[in-house]
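Per-entry structural report
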Amino acid sequence: MSHDHDHDNELDPFAARVRALETILAQKGLIDPAAIDVIVDTYETKIGPRNGARVVAKAWRDPAYADWLKRDATAAIGSLSYTGRQGEHMQAVFNTQDTHNLVVCTLCSCYPWSVLGLPPVWYKAPPYRSRAVIDPRGVLEEFGLTLPADKKIRVWDSTAELRYLVVPMRPEGTEGWSEERLAELVSRDAMIGTGLAEQPA
Amino acid sequence: MSRREELPPGFDEPVFAEPWQAEAFAMTVALHDKGLFSWSEWAQALSSEVKRPGAAADGHDYYEHWLAALESLLASKGLAAKSDVDAMAEAWERAAHATPHGKPILLENDPQRIR
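Note that the structure is predicted; figures quoted are calculated from it, not measured. (Residues numbered from 1 in each chain as written. Chains lettered and ligands numbered in written order. Predicted model: local features only at pLDDT ≥ 70, side-chain atom pairs only at ≥ 80, totals over all residues. Heavy atoms only, no water.)

Attention shifts here to the domain arrangement of chain A. Taken domain by domain, chain A consists of domain 1 (11–45) and domain 2 (48–192). The distance between the C-alpha centroids of domain 1 of chain A and domain 2 of chain A comes to 31 Å. (Domains from an automatic or database assignment.)

As structure tokens, this is what we get:
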């Protein structure tokens, strides 16, 4: 008897393989499907660039914290309960009048998840990974960021063990602002280095 | 091709395009949490997949590489043999076909399932 395929469900091959892995690993007691759901929910909704923006805003307001962030970013960020799950170390790189910092992972897609959430698609794509090192100025222009010719661009290549967070320069005219208000000026791209902090409206 | 076309725009795209990508991602994190591999081992596995020629410039196939990396790492650790994954994936495909539209797909729906 032939099936009536009109009402059938289709699983695409990737979805089927993921389910297969999940089934096999659950049968072996290596994963708990409920824990998988929690991880997905966490990364989709709870961890994101707001974490990093809070780190940056705190560093702008609090010189002692900024100094700690410079010396030991892993601990300074961890003090806000943003800790990496992969045991990676964090380094904060500060933009200055002379130097702009840009982060890439040429190898794959290492990214400071604990402070920025999951990387955007372009960060993981071959053109950014290959060109950020060779032609950072050109890449930044494509992001709409044209830097003065005499400004140095320093490119940081992330690894599984060491991830970077760019601390953008604090915009003028934000003296006395609260941490919350300052954090709103800090975009994800500013913390990767493909953007700057927003100017106050 | 202009440079602008080479760099994908993708500013506000969702983190995962499809649920299986989120599951593959979360499984990797969970298995690492369990200590089944180190994050360096994972980065190495992922790197060898994404650097294969033919990776899409717009990165849309990123999680396909991710899944391939996870499968090869689990196979090399003896945690999930490729033949077992193939067979189980086929069972899921059959179960999906046998499940009426709108109902959750359960492995129990596989007509060839040994009961």
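Don't stop here, the text continues.
Now for the confidence of the model for chain B. Residue and element names in this part refer to chain B. Predicted confidence across chain B gives a mean pLDDT of 83, with 85% of residues reaching 70 or more. Within chain B, no element has a lower average pLDDT than helix α1 (residues 3–6), which sits at 39, and none a higher one than helix α4 (residues 62–76), at 95. Across residues 1–12 the pLDDT falls below 50, and counting only partners more than four positions away or on other chains, this stretch makes 27 contacts in the model. Under the prediction, the complex receives an ipTM of 0.85, its pTM being 0.75. (pLDDT = per-residue confidence, 0-100. Helix = DSSP H or I, 4+ residues; strand = E, 2+ residues; numbered from the N terminus. Contact = heavy atoms within 4.5 Å.)

The subject of this paragraph is the nonpolar core. Among the nonpolar cores identified, the biggest contains 103 residues, and Leu 69 and Tyr 128 of chain A together with Phe 25 and Trp 42 of chain B are the most heavily contacted of them. Element by element, the count of residues in this core is highest for helix α2 (residues 19–33) of chain B, at 9 residues. With residues up to four places along the chain from it excluded, the contact list for Leu 69 of chain A reads Val 55, Ala 59, Ala 76, Ile 77, Ala 92, Phe 94 and Val 167 of chain A. (Core = buried A, V, L, I, M, F, W, Y, C linked by side-chain atoms within 4.5 Å. Buried < 20%, exposed > 50% of the residue type's maximum accessible area, 1.4 Å probe, protein only.)

The next thing to look at is the side chain of Thr 174 of chain A. With respect to the secondary-structure elements, Thr 174 of chain A resides in the loop between β4 (162–167) and α10 (179–183). Not counting chain neighbours up to four residues away, the residues in contact with Thr 174 of chain A comprise Leu 182, Leu 185 and Pro 200 of chain A.

As a further point, take the interface of chain A and chain B. Between chain A and chain B, the residue contacts involve 58 residues of the former and 65 residues of the latter. Viewed at the interface, chain B and chain A are joined by 2 salt bridges. For Asp 86 of chain B, the salt bridge is made with Arg 17 of chain A, and the minimal N-O distance between the two is 2.8 Å. Remark: the boundary between chain A and chain B carries 7 residue pairs in polar contact (both at pLDDT 80 or more). Elements that contribute at least two residues to the side of chain A that touches chain B include exactly α1 (13–27), α2 (33–46), α7 (121–124), α8 (126–134), α9 (136–142) and α11 (188–192) of chain A. Its residues assigned to classes, the side of chain A that touches chain B comprises 30 nonpolar, 9 polar and 19 charged. (Salt bridge = Lys/Arg side-chain N within 4 Å of Asp/Glu carboxyl O. Polar contact = N/O pair within 3.5 Å; in protein donor to acceptor, adjacent residues only side chain to side chain. Nonpolar A, V, L, I, M, F, W, Y, C, P; charged D, E, K, R; others polar.)

Before going further, it helps to spend a moment on the UniProt feature "binding site: Fe(3+)" (unreviewed entry) in chain A. Residue and element names in this part refer to chain A. Under the UniProt annotation, "binding site: Fe(3+)" (unreviewed entry) lies at Cys 105, Cys 108, Ser 109 and Cys 110. Checking the annotated residues one by one, the ones that line the largest cavity turn out to be Cys 108, Ser 109 and Cys 110. Following the sequence through the fold, Cys 105 ends up in the loop between β2 (99–104) and α6 (113–116). Overall, Cys 105 belongs to the buried group, its relative accessible area being 0%. Not counting residues up to four positions away in its chain, the partners in contact with Cys 105 are Cys 110, Tyr 123, Arg 129, Asp 157 and Ser 158. (UniProt positions renumbered as here; feature names shortened; annotations may be inferred. 1 Å grid on protein atoms, 1.4 Å probe; cavity = no way out; pocket = protein on both sides within 12 Å on 5 of 7 lines; lining within 4 Å.)

Let us look at the confidence of the model for chain A. In the predicted model, chain A carries a mean pLDDT of 90, and the fraction of residues at 70 or more is 94%. Note that residues 1–7 of chain A has pLDDT below 50 and, in this model, 4 contacts with residues that lie over four places away or in other chains.

Tallying each qualifying case throughout the model produces 3 cavities of 30 Å³ or more. In this structure, the largest cavity encloses a volume near 60 Å³. If you trace the largest cavity, you find it lined by Cys 108, Ser 109, Cys 110, Trp 113 and Arg 163 of chain A together with Trp 39, Trp 42, Ala 43, Leu 46, Tyr 62 and Trp 66 of chain B. Of all the secondary structure elements, the ones that give two or more residues to the lining of the largest cavity are α3 (39–50) and α4 of chain B. (Points joined across faces, edges and corners; volume = space filled by probe spheres on them.)

Turning our attention to the pattern of salt bridges. Residue and element names in this part refer to chain A. Counted under the stated rule, the structure contains 11 salt bridges over all chains. One salt bridge in this structure joins Asp 67 and Arg 71, with 3.2 Å as the shortest N-O distance. You can see Asp 67 and its partner Arg 71 sitting in helix α4 (residues 63–71), 4 residues apart, about one turn around the helix. Judged by its relative accessible area of 40%, Asp 67 is partly exposed. The shortest N-O distance in the salt bridge between Glu 142 and Arg 131 comes to 3.0 Å. Placement of Glu 142 in helix α9 and of Arg 131 in helix α8 is noted, with a sequence separation of 11 residues between them.

A few words on the layout of surface pockets. Its boundaries defined by the atoms lining it, the largest pocket holds a volume of some 390 Å³. Residue lining of the largest pocket: 20 residues in total, with Lys 151, Pro 168, Met 169, Arg 170 and Leu 196 of chain A positioned closest to the centre. Here the lining of the largest pocket is built from residues that sort into 12 nonpolar, 5 polar and 3 charged. In this model, the second largest pocket occupies a volume close to 310 Å³. As for the second largest pocket, its lining consists of 14 residues, of which Ala 15, Arg 19 and Glu 22 of chain A together with Glu 23 and Trp 92 of chain B are closest to the centre. Counting only elements with at least two residues in the lining of the second largest pocket, the list comes to α1 and α2 of chain A together with α2 of chain B. Take the lining of the second largest pocket: its biggest share by element is 5 residues, from α1 of chain A.

As a further point, take the packing of aromatic side chains. Taken as a whole and judged by the stated rule, the model has 22 aromatic pairs over all chains. For the ring pair Trp 122 of chain A and Phe 143 of chain A, a centre distance of 4.6 Å and an interplane angle of 65° mean the geometry is edge-to-face. With Trp 122 of chain A in helix α7 and Phe 143 of chain A in the loop between α9 and β3 (152–157), the pair connects residues that are 21 residues apart, well separated along the chain. For Trp 122 of chain A, a relative accessible area of 1% translates into the label buried. Seen in terms of ring centroids, Trp 42 of chain B and Trp 66 of chain B are 4.8 Å apart; in terms of plane orientation they differ by 55°. Their pairing is tilted. Placement of the pair is Trp 42 of chain B in helix α3 and Trp 66 of chain B in helix α4, with a sequence separation of 24 residues. Counting every residue linked through ring pairs, the aromatic cluster contains Tyr 43 and Trp 113 of chain A together with Phe 16, Phe 25, Phe 37, Trp 39, Trp 42, Tyr 62, Tyr 63 and Trp 66 of chain B. If you follow Arg 19 of chain A out to its NZ or CZ, it ends over the ring of Trp 92 of chain B, 4.9 Å from the centre. The residue whose ring lies beneath Lys 58 of chain A is Tyr 65 of chain A, and the NZ or CZ to ring-centre distance is 5.3 Å. (Phe/Tyr/Trp six-rings, centres within 6.5 Å; stacked < 30°, edge-to-face > 60°. Lys NZ or Arg CZ within 6 Å of the ring centre and 35° of its normal.)

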